[in-house]
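Residues per chain are reported as follows:
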Amino acid sequence: NAGVTQTPKFRVLKTGQSMTLLCAQDMNHEYMYWYRQDPGMGLRLIHYSVGEGTTAKGEVPDGYNVSRLKKQNFLLGLESAAPSQTSVYFCASIPTAGLYPHEQYFGPGTRLTVT
Amino acid sequence: GENVEQHPSTLSVQEGDSAVIKCTYSDSASNYFPWYKQELGKGPQLIIDIRSNVGEKKDQRIAVTLNKTAKHFSLHITETQPEDSAVYFCAASMNNQGGKLIFGQGTELSVKP
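As the structure is a computational prediction, the values presented were derived from the model and not from experiment.

Here we look at the pattern of salt bridges
The tally for this structure, following the rule as stated, stands at seven salt bridges over all chains. When the shortest N-O distance is used, the salt bridge between K42(B) and E39(B) registers 3.6 Å. Using a relative accessible area of 47% as the deciding quantity, one classes K42(B) as partly exposed. Measuring nitrogen to oxygen at the nearest pair gives 2.9 Å for the salt bridge that ties R61(B) to D84(B). Pair noted here: R61(B) is in the loop between β6 (56-59) and β7 (62-67) and D84(B) is in the loop between β8 (72-77) and β9 (86-92), with a separation of 23 residues, a long-range link. The structure contains a network of salt bridges with shared partners spanning R36(A), D38(A) and R44(A).

Structure, rendered in structure tokens:
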């Protein structure tokens, strides 16, 4: 049971390039989340998904797209990377929110630098 | 929407002392307040959480208190050890919001031997 894994761990992009970050979980969780972490700003929600085939915007969605084609995978895409997207990206998942919020299980993060 | 403020941003204590980190939230509908610990190079991990129907919760050396009237909650770590050194995040959430968490800015705790 690997939990939540993220690929890649590190990446350097040039401005304007595109890339996709992969999050995978083997816990059969329904809900998945993408956050970015910047110094002094905590974790901010980019997009999330409440089930296979669904996605929704979080606090800072601009410049990102997501897809949840399979329950175990949640992809985060940057179509045209900008230096402002330099950050550490974390994926998280929960079994299901139901009525009450729940502990989120985080992956190890992807450090992205855009030059 | 909900806003969570966390203080201090950095905290340095001597081993064996206590550490307190405070958070305030803005939306009175929030009813779930977790605390996460993030070690260097790793993802955040839940250390303790509290729901709005209780005022205090303890787990060995850590405790969380909640004051719903004042809309603030605090993390207390007693008998600190060097391995407690990490970044700590508070968060708030409420029912029927897709399990979304709103995080505070984080506190970097340093425990000096």
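That was the structure; now back to the text.
Focus on the state of the cysteines
In the structure shown here, the tally under the stated rule is two disulfides over all chains. A disulfide bridge connects C23(A) with C91(A), and the sulfur atoms are separated by 1.9 Å. Here the S-S torsion is close to -75°, and the disulfide linking C23(A) with C91(A) is therefore left-handed. Linking C23(A) in strand β3 (residues 19-25) with C91(A) in strand β9 (residues 87-94), this pair joins segments that are 68 residues apart in sequence. Two residues, C23(B) and C90(B), share a disulfide whose sulfurs are 1.9 Å apart. Between C23(B) and C90(B), the S-S torsion sits near -100°, and that sign places the bridge as left-handed. Of this pair, C23(B) sits in strand β3 (residues 19-25) while C90(B) sits in strand β9, placing them 67 residues apart in sequence.

Details of the packing of aromatic side chains
Overall, the coordinates contain 13 aromatic pairs over all chains when judged by the stated rule. Of the aromatic side chains, those joined through ring pairs into one cluster are Y33(A), Y35(A), Y48(A), F106(A), Y36(B), F89(B) and F103(B).

Overview of the sheet that holds strand β1 (residues 4-7) of chain A
Think of a sheet as strands paired side by side through backbone hydrogen bonds, with each pair either parallel or antiparallel. Residues and elements named next belong to chain A. Read across the sheet, four strands follow the order β1-β3-β8-β7 without closing on themselves; strand pairing throughout is antiparallel. Where the open sheet ends on each side, the last strands, each with one partner, are β1 and β7 (64-67). Taken pair by pair, the neighbouring strands of this sheet meet at an average axis angle of 20°, ignoring direction.

What to know about the interface of chain B and chain A
Contacts between the two partners involve 23 residues from chain B and, on the opposite side, 24 residues from chain A. Counting each side, the surface lost to burial between chain B and chain A is near 1800 Å², with a carbon and sulfur contribution of 58%. Remark: the boundary between chain B and chain A carries zero salt bridges. Counting every contact that joins chain B to chain A gives six residue pairs in polar contact (both at pLDDT 80 or more). Those elements that provide at least two residues to the side of chain B that touches chain A are β4 (32-38), β5 (45-51) and β10 (102-103) of chain B. For the side of chain B that touches chain A, the leading source of residues is β4(B), giving three residues.

Cut-off values and rules
Residues numbered from 1 in each chain as written. Chains lettered and ligands numbered in written order. Predicted model: local features only at pLDDT ≥ 70, side-chain atom pairs only at ≥ 80, totals over all residues. Heavy atoms only, no water. Salt bridge = Lys/Arg side-chain N within 4 Å of Asp/Glu carboxyl O. Buried < 20%, exposed > 50% of the residue type's maximum accessible area, 1.4 Å probe, protein only. Helix = DSSP H or I, 4+ residues; strand = E, 2+ residues; numbered from the N terminus. Disulfide = S-S within 2.5 Å. Phe/Tyr/Trp six-rings, centres within 6.5 Å; stacked < 30°, edge-to-face > 60°. Pairing = 2+ DSSP bridges. Axes fitted to C-alpha atoms, helices over the stretch in contact; angles between N-to-C directions. Contact = heavy atoms within 4.5 Å. Buried area = accessible area lost by both parts, 1.4 Å probe. Polar contact = N/O pair within 3.5 Å; in protein donor to acceptor, adjacent residues only side chain to side chain.

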